[in-house]
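Descriptive structure summary
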Amino acid sequence: MAGTRGQNGSAALFGSTTDGPATGPRGADALAGAWASGYAPAPESVRPTIAPRYGHFIGGAWRKPAGKGSYFPTINPATEAVLSEVAQGSAKDVDAAVRAARAAFPAWSALPGSERAKFLFRIARRIQERSRELAVLESMDSGKPIRESRDVDVPLAAAHFFYHAGWADKLRFAFPGRTPRPVGVCAQVIPWNFPLLMAAWKLAPALACGNTCVLKPAETTPLTALRLAEIIDECGLPAGVVNIITGDGTTGAALVGHEGVDKVAFTGSTEVGKAIARGVAGRPVRLTLELGGKSPHIIFEDASLDQAVEGVVRGIYFNQGEVCCAGSRLFVQESVLPEVLERLTRRLETLRVGDPLDKNTDVGAVNSRAQLETIRRYVSLGEQEGARLHVAGGDGLAGAFPSGPGFWCRPCVFADVQPSHTIAREEIFGPVLAVLSFRTPEEAIARANNTPYGLAAGIWTDKGSKIFEVAARLRAGVVWCNTYNRFDPASPFGGYKESGFGREGGVQGLRAYLHVD
Ligand code: NDP
């Protein structure tokens, strides 16, 4: 370990494994052991049916890819087993999907809002009825723990359809004195970290507002979007209102570049978001971008430290840290830094890394080999640049899974991080926390805002006045106070600066899908 004693004097903490108190890291080992032996495996028994091959869902029917058309495999990142093959969308497929959406637009947009709402309510209820199957499928295709797909992704996806169903016949009340009109055909490109939920975030408001859609899920996680297509079909949505095409980045590029689309909504990396913005510039296309982040999480000395540590764990290790708003930079007031680090490393030891389909698993598999390599590259950069690494379990990033199949990364923390370190500046998208310190609230705000991103932030303090003062000065789209990673369809989500623009959710999110004259 190339760590130096940094600005926060915490070096001794990570080194104290041999003679620490019962509550220190040695105690933590014992605790982790107790946890491990105290839990019997609790694997999910449901195995959803998965077709060996999927085409595109265009114009209300399943279609083979145009021409000679190719397919690519989608794998389970925990086992590397092939789950299915999905169609690689070509420009012809994109064109067919956009034409289907265009053809469906006049009738769908003319439908009374109360009628559109009925379809959205039906979809929401069907997601609830098929929730277990969707949760298992999501965990198999993405690697996320079943507890998260079951308790977060799927219920929130249903909630987004319920919430927006409620708006469909009330749009005029959302914008009093105006006559809101749908935008037209929406091209929607989503990432792999919350596949079903992102599909719901994109489709529900667009449909409620009377638009038609072409959605492209990420290459590595197409299965729940395709299952959603089945649900949409079951619910009798008119043909062409929702079209789902699969493929890689070239399919996404063909879709957002198609001259038949009126609106582009993208969630993903800042790099691709910038390329899309360049491509859309000068065209009469509405654009919203929800991009990356390097969100600050601030703990003041007056905070309840146990709760704050829980919040930090939820903030960075949720979904293996593959979250755009992950609280990946932790700022701790210097007076409580040693205590926070000790509690954090102890808590880390109790996180269970393993089978995503086991209900006891806290941290599942990383989504792809490429993402795992990205994470590992950042971790070694962190060490080279002088930060001090602590990995849960103590036997390396891969922990108990060094040679078996699957893409594994144990949760880790870097202490002695300087603001100039790469791991403090760039989005890692993995279970890697960078800990920095501060002395005064002014310094905390300045350091937290010292980033090109502006997606989210978290504050932990016992003082209400401090919350109001600090939250107002943090340049982030969402600021959570004494909690983290709380989502609700009624609450708008989106960023500033390189985290993108536009909001999703709430009344503000409707605006992106309407002309409000
Ligand atoms: P991308 O931004 O490449 O992918 C997001 C979506 O865009 C996917 O559906 C992707 O397809 C598609 N896409 C890729 N290139 C284009 C293009 N030129 N035009 C239109 N659509 C395109 O993210 P990655 O999967 O490559 O992840 C890389 C990094 O991005 C991560 O390490 C993470 O830091 C960040 N990221 C941020 C997310 C966020 O929510 N803010 C989500 C995902 C990633 P395909 O899957 O086939 O490549």
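Let me sum up the structure you'll find in this document. Bear in mind that the values here come from a model prediction, so they are computed numbers and not experimental data. (Residues numbered from 1 in each chain as written. Predicted model: local features only at pLDDT ≥ 70, side-chain atom pairs only at ≥ 80, totals over all residues. Heavy atoms only, no water.)

Counting across every chain of the model gives 12 aromatic pairs. Ring centres 6.4 Å apart and planes at 55° place the aromatic pair Y54 and W62 in the tilted group. Taking the relative accessible area as the measure of exposure, Y54 reaches 9% and is therefore buried. According to the relative accessible area criterion, W62 is partly exposed, its value standing at 37%. Relative to F493, the ring of W201 lies with its centre 5.4 Å away and its plane at 70°, an arrangement referred to as edge-to-face. Here W201, found in helix α8 (residues 195-208), pairs with F493, found in the loop between β18 (478-481) and β19 (500-501); they are 292 residues apart in sequence, far enough to count as distant. Of the two residues examined, W201 and F493, each falls in the buried class. Put simply, the rings of W201, W480, Y484, F487 and F493 pair up and form one aromatic cluster. Sitting above the plane of the F119 ring, R122 keeps its charged end 5.0 Å from the centroid. (Phe/Tyr/Trp six-rings, centres within 6.5 Å; stacked < 30°, edge-to-face > 60°. Buried < 20%, exposed > 50% of the residue type's maximum accessible area, 1.4 Å probe, protein only. Helix = DSSP H or I, 4+ residues; strand = E, 2+ residues; numbered from the N terminus. Lys NZ or Arg CZ within 6 Å of the ring centre and 35° of its normal.)

This part takes up the packing of helix α4 (residues 113-129) against helix α9 (residues 223-234). The geometry of α4 relative to α9 is characterised by a closest axis approach of 9 Å and an angle of 125° between their N-to-C directions. Relative to α9, the element α4 is oriented oblique. By crossing handedness, the relation of α4 to α9 is classed as right-handed. Across the interface between the two elements, I123, R126 and I127 of α4 pack against L228, I231, I232 and E234 of α9. (Axes fitted to C-alpha atoms, helices over the stretch in contact; angles between N-to-C directions. Parallel < 35°, antiparallel > 145°, perpendicular 65-115°, else oblique. Left-handed = near helix turned anticlockwise from the far one by under 90°. Contact = heavy atoms within 4.5 Å.)

Time to look at the sheet that holds strand β5 (residues 82-87). The strand order across the open sheet formed by three strands is β1-β5-β4, and the pairing between neighbours is mixed. Here the strands that pair on one side only, and so sit at the sheet edges, are β1 (53-54) and β4 (71-75). (Pairing = 2+ DSSP bridges.)

Our focus in this paragraph is the pairing of strand β13 (residues 329-333). Two faces belong to every sheet, and in a regular strand the side chains alternate between them. Most of β13 sits out of view: five of its five residues are buried. Here β13 shows a buried face lined by R329, F331 and Q333 and a second buried face lined by L330 and V332. Read as a crossover between parallel neighbours, the route from strand β12 (residues 296-299) over helix α12 (residues 305-317) to β13 is right-handed. With five bridges connecting them, β13 and strand β16 (residues 432-438) associate as parallel partners. For R329, the partnering residue across the bridge sits in β16 and is A434. (Right-handed = clockwise from strand over helix to strand, strands pointing away.)

The environment of the ligand is formed by 26 residues, the closest being I190, W192, D248, S269 and L291. E219 has a polar backbone atom sitting 2.9 Å from an oxygen atom of the ligand. In the environment of the ligand, an oxygen atom lies 3.5 Å from a nitrogen or oxygen atom belonging to the backbone of G247. Expressed as a share of its isolated accessible area of 850 Å², the protein-covered part of the ligand is 82%. At the level of secondary structure, the elements contributing two or more residues to the shell around the ligand comprise α10 (249-256), β10 (263-267) and α11 (270-280). Along the lines of polarity and charge, the residues of the shell around the ligand split into 13 nonpolar, nine polar and four charged. (Near = heavy atom within 4 Å. Polar contact = N/O pair within 3.5 Å; in protein donor to acceptor, adjacent residues only side chain to side chain. Areas by Shrake-Rupley, 256 points an atom, 1.4 Å probe, with all protein chains shown as cover. Nonpolar A, V, L, I, M, F, W, Y, C, P; charged D, E, K, R; others polar.)

Further remarks concern the sheet that holds β18. Ordered in space as β14-β15-β16-β13-β12-β17-β18, the seven strands form an open sheet in which the pairing is mixed. Of all the strands in the sheet, the pair left with one neighbour each is β14 (388-391) and β18. Strand-to-strand, the axes of this sheet are offset by a mean angle of 20°, without reference to chain direction. Two strands pair when backbone bridges link them, and strand β17 (residues 456-460) and β18 are joined in this way by four bridges, in the parallel orientation. In the strand pairing of β18, A457 is matched with V479.

Per the stated rule, a full pass over the model turns up 30 salt bridges. The shortest N-O distance in the salt bridge between R150 and D151 comes to 2.8 Å. By relative accessible area, which is 44% here, D151 ends up partly exposed. The partner of K274 in a salt bridge is E498, with the nearest N and O atoms 3.2 Å apart. Placement of the pair is K274 in helix α11 and E498 in the loop between β18 and β19, with a sequence separation of 224 residues. The exposure class assigned to E498 is partly exposed, which follows from its relative accessible area of 31%. Members of the salt-bridge network, linked through shared partners, are R126, E129, R130, E133, R227, E230 and E234. (Salt bridge = Lys/Arg side-chain N within 4 Å of Asp/Glu carboxyl O.)

Extensive coverage of strand β8 (residues 212-216) is indicated by the burial of five of its five residues. Where strand β7 (residues 185-189) lies against β8, five bridges are found, and the strand directions are parallel. Directly across from A187, in β8, lies its bridge partner V214. For the handedness criterion, the β-α-β arrangement of β7, α8 and β8 is classed as right-handed. A crossover links β8 with its parallel partner strand β9 (residues 242-244), the connecting element being α9, and its sense is right-handed.

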